[in-house]
Structure formats: structure tokens, C-alpha cells
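What the coordinates show
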Amino acid sequence: MVENNWPAIIYFTALAFLTGAAGGSFINCLSWRMVRAECVMKGRSRCPSCGNTLGVLDLIPVFSWIFLRGRCRFCRAAIPFRYLWSETLMGTVAVSLLFRYGLSLKAIFYLIFTFILLGEALIDWEIYEIPDGFHLAAILWWCVYLPYSGEPVTERLTAGLMGGVSIAGGLRLLTTAFDRMLGKESMGGADIKLFFVTGLYLGFPGNLLNLIVSCIMGLILAALSSGQRKEREEPSLIPFAPAIAVGTWFCLLFGKWITSWYAGFF
Ligand SMILES: [Zn+2]
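Small disclaimer: the values here were computed from a predicted structure and weren't measured.

Moving on, we get to the overall build of the protein chain. Helix and strand counts for the protein chain come out as 8 helices and 0 strands. In the protein chain, the succession of α and β elements from N to C terminus is α-α-α-α-α-α-α-α. Here the protein chain has a C-alpha radius of gyration of 20 Å; the compact-globule value for 266 residues is 18 Å, and the two agree. Here the protein chain, with 266 residues, has 42% of them falling under the buried criterion. The long-range fraction of contacts in the protein chain, counting pairs at least 24 apart against all pairs at least 6 apart in sequence, stands at 68%. Of the accessible surface of the protein chain, which amounts to about 14700 Å², a share of 70% is contributed by carbon and sulfur atoms.

Now the structure itself:
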């Protein structure tokens, strides 16, 4: 970033946080409406309880939730906690990408990708499904960025496809074998598609690391939410997209260092 220019660093950090939080707020609202089969682009935001149109002051990411203490200004109905955490999380993601990739096209490219991942994670968490539209959006966004990646397009294209096909293909073979043996579904098809998508962005070594980190995250999330999910219909299935999303974020930040460190052993 701008070396040692503290006012500039503070300005861009704040700008990144607000951009990330605003994007997180939008994706949160979008996925909320998709799950409830509401029109995704229906005009201005309203309170789902009293129907009052929300003003600018109700819609500032993070700050509105805190100042209103998590309640609607009109009817005092509780605003779901996920608004606060998804906005805070995406603000943090944006700042982390800024520090990792600097003020660059690459940082913006990855930020948009993490917005898509947030949508997948939120919907999977609620209904154990990921609409194909999200995968498609991520693939299209990757294609749009290819010519601007700063690397030769064919090289980047091959690396991405290798990363996606190897991990998703390997998982498909493994799960088919396991499912035959156990007689039940071990991993959802949507999760495997998602590993194809993350492979495009991370390449082979990065996506392999992502698989490992996501499995660890999946176990942690399953342990944390076991009490809360007891009454759900399919207790054997855990939504895996949130774990993959966190794993991918981790790999976007540290993947290069870790993979080149373990490549050093061979
Ligand atoms: Zn209200």
C-alpha cells in the first residue's frame, strides 16, 4: 500500500471496511430474499415486521445495527444478528485483502469472489442447498478477470482448470465409492461444484490446501452448532459451504506462502 503514509493507510482501510460491509449487507439481503422466494430486486428495503421503508440512517452497515441496538426504529422488532456479523465479517475480509494484495485490481477481484462465497454460505447454512446461479456467477467473474490477471491467459486458464478439475473430480470419485459402501450421501454435489469453482481461483496446490482447511473448519462448525441443529431433519448432513468459504479466504491470504513452503520439501 502507500508506504508509511498513515493518513492514506487509515483512509483506505476505512474505505475497504465500509465497502466490504456494504457488500456483505447487500448479499445478506439478497440471500435472505432468495431463501424466502421473494423478489430479489424489489425496490427499497423495508422492515419485514412493520413494513416501514427504511431510511439511509437505518442502512449504514454495522453502525446502524449497533446504534439501533439490533431493533427496528419503528416497531422495535429484532433485526437478525446475522446482519451485524456478516457486515462486520465482510468488512474484515475486505481490509485483509487490501493488506494482502494492496490497492490493486486483484484485491477487488478477490473481494467480489468472497461476496459470492458469502451468499453460498448463508443459503447453504439455512436450507442445505446452493443455487447453481452462485457457481455460475463465480465462474463468469473468473472469466472476466482472466485477461487482467497480469499473467498469460492460457497459463492462468490451465492452472485454474487443473485446480478445479483435480480436486472436484477426486472428490466425486471418492464420494461415489463411499456412498456405495455406506448407502447414503456423504458429501453434497453442490459442495463438490463449489470446490471446482474455488480451484479456478486457487489453482491446484491452493485448492488442495483449501480442502484440508475446509475439512478442519467443517468439523469446528459442526461441533459449535451441534446443539443448535439437533432438531433439524437431516442431522447427518452439515452445511459445508460456510467451511469452504472460510477455507478459501484463508487460502487467498496465506495459500501462496504455505504451498511454496511445503513445495520446498520436494
Ligand atoms: Zn419494523
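Mean pLDDT over the protein chain stands at 89; residues scoring 70 or higher make up 94%. When mean pLDDT is compared element by element in the protein chain, helix α5 (residues 132–145) scores highest at 96, while helix α2 (residues 63–67) scores lowest at 90.

Protein-derived coordination of the zinc ion comes from C47 (SG), C50 (SG), C72 (SG) and C75 (SG), at a distance range of 2.3 Å. We note that the donor set of the zinc ion lies within a single chain, spaced as C-x2-C-x21-C-x2-C. Of the two residues, C50 sits in the loop between α1 (6–35) and α2 while C72 sits in the loop between α2 and α3 (81–101), which places them 22 residues apart along the sequence. On the basis of relative accessible area, C50 is assigned to the partly exposed category, the value being 32%. Overall, the relative accessible area of 5% leaves C72 in the buried class.

The next subject is the nonpolar core. Inside soluble globular proteins, nonpolar side chains tend to come together where they are buried. Within the largest apolar cluster, 51 residues are counted, with the highest numbers of intra-cluster contacts made by L97, Y110, F113, L171, F195, Y201 and L252. Taken together, the elements giving at least two residues each to this core come down to α1, α3, α4 (105–127), α5, α6 (153–182), α7 (189–225) and α8 (241–263). If you count residues domain by domain, this core takes at least three from each of domain 1 (1–102) and domain 2 (104–266). In contact with L171, not counting residues within four places along its chain, are M187, I192, F195 and L211.

Per the counting criterion, the structure on display carries 6 salt bridges. The salt bridge partner of R82 is E126, with a shortest N-O separation of 3.0 Å. You can see R82 sitting in helix α3 and its partner E126 sitting in helix α4, a full 44 residues away along the chain. A cluster of three or more residues bridged by salt bridges with shared partners is formed by R36, R82 and E126.

This brings us to the UniProt feature "domain: Prepilin type IV endopeptidase peptidase" (unreviewed entry) in the protein chain. In this numbering, the UniProt entry assigns the feature "domain: Prepilin type IV endopeptidase peptidase" (unreviewed entry) to residues 112–222. A helix fraction of 85% and a strand fraction of 0% characterise residues 112–222, whose end C-alpha atoms lie 27 Å from each other.

Positionally, E120 belongs in helix α4. Of the side chains bearing the opposite charge, K193 lies closest to the buried E120, which forms no salt bridge; the N-O distance is 9.7 Å. Beyond its immediate chain neighbours, meaning those up to four positions away, E120 contacts I130, F134, H135, L194 and A241.

Before going further, it helps to spend a moment on unusual backbone geometry. Look at V62: it is not a glycine, yet its phi comes out positive at around 65 degrees. Residue V62 is classed as buried on the basis of its relative accessible area of 7%. Positive phi, normally seen in glycine, also occurs at R69, with a value near 50 degrees. With respect to the secondary-structure elements, R69 resides in the loop between α2 and α3.

Thresholds applied
- Residues numbered from 1 in each chain as written.
- Predicted model: local features only at pLDDT ≥ 70, side-chain atom pairs only at ≥ 80, totals over all residues.
- Heavy atoms only, no water.
- Helix = DSSP H or I, 4+ residues; strand = E, 2+ residues; numbered from the N terminus.
- Rg over C-alpha atoms; globule rule 2.2 N^0.38 Å.
- Buried < 20%, exposed > 50% of the residue type's maximum accessible area, 1.4 Å probe, protein only.
- Contact = heavy atoms within 4.5 Å.
- Areas by Shrake-Rupley, 256 points an atom, 1.4 Å probe, with all protein chains shown as cover.
- pLDDT = per-residue confidence, 0-100.
- Donors = N, O, S within 2.8 Å, 3.2 Å for Na, K, Ca; no water.
- Core = buried A, V, L, I, M, F, W, Y, C linked by side-chain atoms within 4.5 Å.
- Domains from an automatic or database assignment.
- Salt bridge = Lys/Arg side-chain N within 4 Å of Asp/Glu carboxyl O.
- UniProt positions renumbered as here; feature names shortened; annotations may be inferred.
- Lys, Arg positive; Asp, Glu negative; His and termini not counted.

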